[in-house]
Amino acid sequence: MSYSAAGVRKPGSGKRRIRELLTQSDNRVCADCGALDPKWASANIGVFICLKCCGVHRSLGTHISKVLSVTLDEWSDEEVDSMIEIGGNDSANSIYEAFIPDGFSKPGPDTTHDQRMRFIRSKYELQEFLKPSLRITSVKGTSTKSSSSYLSSSLSKKFMDSFRTNSSSQQPQLEGMVEFIGLLKVTLNKGTNLAVRDMMTSDPYVKLTLGQQTAQSTVKKSNLNPVWNEDLMLSVPHDYGSVKLQVFDYDRFSADDIMGEAEIDIQPLITSAMAFGDPEMFGDMQIGKWLKSHDNALIEDSIINIADGKVKQDVQIKLQNVESGELELEIEWLSLES
């Protein structure tokens, strides 16, 4: 769940409306591969998708597909309205798959990652299955405004946002693409003895950064021992590094003050998870460990376990470059390649 410290969004009826849309029969399977019980969506395209297809959508970039979790992310009113306006998977697929060639087979739930990638790119990025008159190609000098005019007679503005090209970045489609291998679900449990940055207290929030991505928690007002119990999601690319964790004191009228930081080495978690493969094939067991050392912020060794068919790691961190403060986290690995 991502929030802006300057304007924390209050949960409204958005998630309820999305869940109601998800109960439609066509939305109970992934729009791209037919896997049951999708829990992700492309908010600008208007389809519900499974975890494996979600990873491919994320690799296309948000200018093509903006992926949100049905259960974990906060949805804006505009994103919810767009999904409802499109009407669900059948409605969207009637446009995006209108001209699938005879004899062409869509991927299934157990299709390989490469086959899934080729189909989803063809469907949304290259627009190979669209009616020809609706396709938009990247041509120098073509403005966003003229593209909008070209499409307005057929589909709504919001529905076609996913096809728009930006005249300021006419680069080849593959340039800048990032392929993700999995997701990190970071459960931010609590903080202890955090630093004072106001008169006698602080208004802390946590920011996670992995590459160009960030995820941010809610602000806890006047609390040096906050309990969040909040999930933050990050996509993990093939060329991943450490997760940077920062704690800030939210200030309404000035820059937010730093309250400590740390780096989380996710390599032990990912290496252990990949070595064992599908965790549902195993009982509860320890499969790895991130060792405490003078080079990291661990309070104690961080154990990596398979528990209830999931790969999880408990992490206790002493915040660095600050007078005091500790954080407790749980990290879960969600593979996109299994």
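Just above, that's the structure.
The text that follows walks through the structure, step by step, so that each part is easy to find. In this text, all values refer to a predicted model and were calculated from it rather than measured experimentally. (Residues numbered from 1 in each chain as written. Predicted model: local features only at pLDDT ≥ 70, side-chain atom pairs only at ≥ 80, totals over all residues. Heavy atoms only, no water.)

## Overview of the sheet that holds strand E1 (residues 40-42)
Put simply, the rule is: At least two bridges found by DSSP between two strands are what make those strands a pair. Each helix is a run of H or I in the DSSP string that is no shorter than four residues. Each strand is a run of E no shorter than two, and both are numbered from the N terminus. To obtain each axis, a line is fitted to C-alpha atoms, and for helices this fit is confined to the stretch in contact; angles are then taken between N-to-C directions over 0 to 180 degrees.
Sheet architecture is open: 3 strands sit in the order E2-E1-E3, paired in antiparallel fashion. Because the sheet does not close on itself, it has two edges, and the strands there are strand E2 (47-49) and strand E3 (67-69). Averaged over all pairs of adjacent strands, the angle between strand axes in this sheet comes to 35°, irrespective of strand direction. Where E1 and E2 come together, 3 bridges link them in antiparallel fashion. Following the sheet pairing, serine 42 is matched in E2 by valine 47.

## A word on the packing of aromatic side chains
Keep this limit in mind: Pairs were defined over the aromatic rings of Phe, Tyr and Trp, the Trp ring being its six-membered one, requiring ring centres within 6.5 Å. Orientation was assigned from the angle between planes: stacked under 30 degrees, edge-to-face over 60, tilted for the rest.
One pass over the full model with this rule turns up 6 aromatic pairs. Taken together, the aromatic side chains of Phe104, Phe119 and Phe129 make up a single cluster linked through ring pairs.

## Considerations on the pattern of salt bridges
The following threshold applies: Every case where a carboxyl oxygen of Asp or Glu lies within 4 Å of a side-chain nitrogen of Lys or Arg is listed as a salt bridge. Think of it in three bands: residues with accessible area under 20% of the maximum for their type are buried, residues over 50% are exposed, and the middle band is partly exposed, with areas taken using a 1.4 Å probe on protein chains only.
In this structure the tally under the stated criterion is 12 salt bridges. Here arginine 17 and aspartate 81 are joined by a salt bridge, their closest N and O atoms 2.7 Å apart. Of this pair, arginine 17 sits in helix H1 (residues 14-22) while aspartate 81 sits in helix H3 (residues 77-86), and the two are 64 residues apart along the sequence. Among the residues examined, arginine 17 registers a relative accessible area of 24% and is labelled partly exposed. Of the charged contacts in the structure, one is a salt bridge between lysine 66 and glutamate 79, with a shortest N-O distance of 2.5 Å. A residue pair is termed long-range when its members are at least 10 positions apart, and lysine 66 in the loop between helix H2 (51-60) and E3 and glutamate 79 in helix H3 qualify at 13 residues. Overall, the relative accessible area of 13% leaves glutamate 79 in the buried class. Connected via shared salt-bridge partners are Asp32, Glu97, Lys106 and Lys123.

## Remarks on helix H4 (residues 89-96)
To keep it simple, the criterion reads: Directions from the helix axis toward the C-beta atoms define the arc.
Those residues of H4 not exposed but buried are Asn89, Ala92, Asn93, Ile95 and Tyr96. Each buried residue of H4 lies within a common arc of 160° when the element is viewed along its axis, so the set occupies one face.

## Brief notes about the packing of H2 against helix H5 (residues 113-125)
Rule in force here: Under this scheme an angle from 65 to 115 degrees is roughly perpendicular, one under 35 degrees roughly parallel, and one over 145 degrees roughly antiparallel; angles in between are oblique. Handedness of each helix crossing follows the sense of rotation of the near helix against the far helix: counterclockwise by less than a right angle gives left-handed, clockwise gives right-handed. By definition, residues are in contact when any of their heavy atoms lie within 4.5 Å. Under the convention adopted here, Pro, Cys and the residues Ala, Val, Leu, Ile, Met, Phe, Trp and Tyr are nonpolar, Asp, Glu, Lys and Arg are charged, and Gly plus all remaining residues are polar.
Contact pair H2 / H5: the axes reach a minimum separation of 10 Å and the direction vectors enclose 55°. In terms of orientation, H2 lies oblique with respect to H5. Helix-helix and strand crossings are classified by hand; for H2 and H5 the assignment is right-handed. Counting all contacts with H2, which are made through Lys52, Cys53, Val56, His57, Ser59 and Leu60, the residues of H5 involved are His113, Arg116, Met117, Ile120, Arg121, Tyr124 and Glu125. A breakdown of the residues in the contact of H2 with H5 according to their chemical character gives 6 nonpolar, 3 polar and 4 charged.

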